[in-house]
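Secondary and tertiary structure notes
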Amino acid sequence: MCGRFTLTQTAAALAQAFDLEAVPNLAAQYNIAPTQMVATVVQKSESDKRQFQQLRWGLIPSWAKDPGIGAKLINARAETAAEKPSFRSAFKHRRCLVLADGFYEWHQKQGKKQPFYFRFENGQPFAFAGLWEKWQSPSGEEITSCTILTTAANEVLQPIHDRMPVILAQEDYNLWLDPQQQKPEVLQPLLRAYPAAAMTSYPVSTLVNKPQHNTPECILPISDNNA
């Protein structure tokens, strides 16, 4: 699964990486947690350009009676999302890029969970494959939310966890965002494990275990002896 991630890039770097006309200045986030607002890219119609949009992490299906369900739907399995009632409409019509530059996973060791940080070797930002949905309460309150797709882990993740978030190849962004493309058989091949050779990982402090810790110390490596 993907339960925490980071986004520490400048607005200019994000605009360039994701072909956006405008990106607001965002505070660096070292410990993004479920139900928080996350940076995404959406394309709402064929004629639209890509748009930066902040969405709440944890997808709330349009038919949900209680928005609290979103906290349980932070991830969707890439293998089944196109058929699952919670995700199939969004998979068909409302796909997005969730922007990040690293993520965390925990390794169970001697009864303790040790966090590891995963990022690209070159430190560049990347995009998780996401789905988004709009939910409206009986009183008219609107919440636009998203989920992150996951797939089988690559060789970097496998020693730590058997799943990883889907990181899209840059050349696949247009197809994934294209609202005219609705065929799962066309989209499914995009949802593969990212090449391990482009990624690196290292153990980090258990500071990241608590969402209120949102500082650069969360991503600092610690020695293997302490992990």
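These remarks concern the structure in this document.

About the cut-offs
- Residues numbered from 1 in each chain as written.
- Predicted model: local features only at pLDDT ≥ 70, side-chain atom pairs only at ≥ 80, totals over all residues.
- Heavy atoms only, no water.
- Helix = DSSP H or I, 4+ residues; strand = E, 2+ residues; numbered from the N terminus.
- Buried < 20%, exposed > 50% of the residue type's maximum accessible area, 1.4 Å probe, protein only.
- Contact = heavy atoms within 4.5 Å.
- Lys, Arg positive; Asp, Glu negative; His and termini not counted.
- Charge placed at Lys NZ, Arg CZ, Asp CG, Glu CD.
- Pairing = 2+ DSSP bridges.
- Salt bridge = Lys/Arg side-chain N within 4 Å of Asp/Glu carboxyl O.
- Polar contact = N/O pair within 3.5 Å; in protein donor to acceptor, adjacent residues only side chain to side chain.
- Axes fitted to C-alpha atoms, helices over the stretch in contact; angles between N-to-C directions.

**Considering the overall build of the chain**
- Looking only at helices and strands, one finds 4 helices and 12 strands in the chain.
- Across its three principal axes, the chain shows a C-alpha extent of roughly 50 × 35 × 35 Å.
- Taking all 227 residues of the chain together, 51% fall into the buried category.
- The long-range fraction of contacts in the chain, counting pairs at least 24 apart against all pairs at least 6 apart in sequence, stands at 68%.
- If you average the places of the 22 positive and of the 21 negative side-chain charges in the chain, the two averages end up 7 Å apart.

**As for the pairing of strand β3 (residues 37-42)**
- Along β3, 5 of the 6 residues are buried, which leaves the element largely enclosed by surrounding structure.
- Relative to strand β4 (residues 51-57), β3 runs antiparallel, the two being bridged by 6 bridges. Residue Thr40 lies in a different strand from β4, and its bridge partner there is Gln53.
- As paired strands, β3 and strand β6 (residues 95-100) are joined by 2 bridges and run antiparallel to one another. Pairing of Val41 across the sheet is with Leu97, part of β6.

**Topic: the environment of Gly123**
- Looking at where Gly123 falls in the secondary structure, it is placed in the loop between β8 (112-120) and β9 (126-136).
- Classification of Gly123 by relative accessible area gives partly exposed; the value is 30%.

**Topic: the pattern of salt bridges**
- Counted by the stated rule, this structure contains 5 salt bridges.
- Glu79 is the salt-bridge partner of Arg163, the closest N and O atoms lying 2.9 Å from each other. Taken together, the positions of Arg163 in strand β11 (residues 163-165) and Glu79 in the loop between β5 (75-77) and α2 (88-93) put the pair 84 residues apart, joining distant regions of the chain.
- The class of Arg163 is buried, set by a relative accessible area of 9%.

**What about the side chain of Arg4?**
- Relative to the helices and strands, Arg4 is located in the segment before β1 (5-7).
- Buried within the structure, Arg4 lacks any salt-bridge partner; its nearest side chain of opposite charge belongs to Glu105, at an N-O separation of 10 Å.
- For Arg4, the side chain forms a polar contact with the main-chain oxygen of Val208, separated by 2.4 Å.
- Within the structure, the side chain of Arg4 is placed 3.3 Å from the backbone oxygen of Asn209, a separation counted as a polar contact.
- Excluding residues within four positions of it along the chain, Arg4 makes contact with Asn31, Ile32, Ala33, Pro34, Trp57, Phe103, Tyr104, Trp106, Val208, Asn209, Lys210 and Pro211.

**Some words on the sheet that holds β8**
- If you trace the 5 strands from one edge of the open sheet to the other, you get β2-β1-β7-β8-β12, paired in antiparallel fashion. The sheet terminates laterally at β2 (29-32) and β12 (199-203), the two strands that pair on one side only. Across the sheet, the axes of successive neighbouring strands diverge by a mean angle of 30 degrees, strand direction being ignored.
- Bridging between β8 and β12 involves 5 bridges; their strand directions are antiparallel. Within the sheet, the bridge partner assigned to Phe120 lies in β12 and is Met199.

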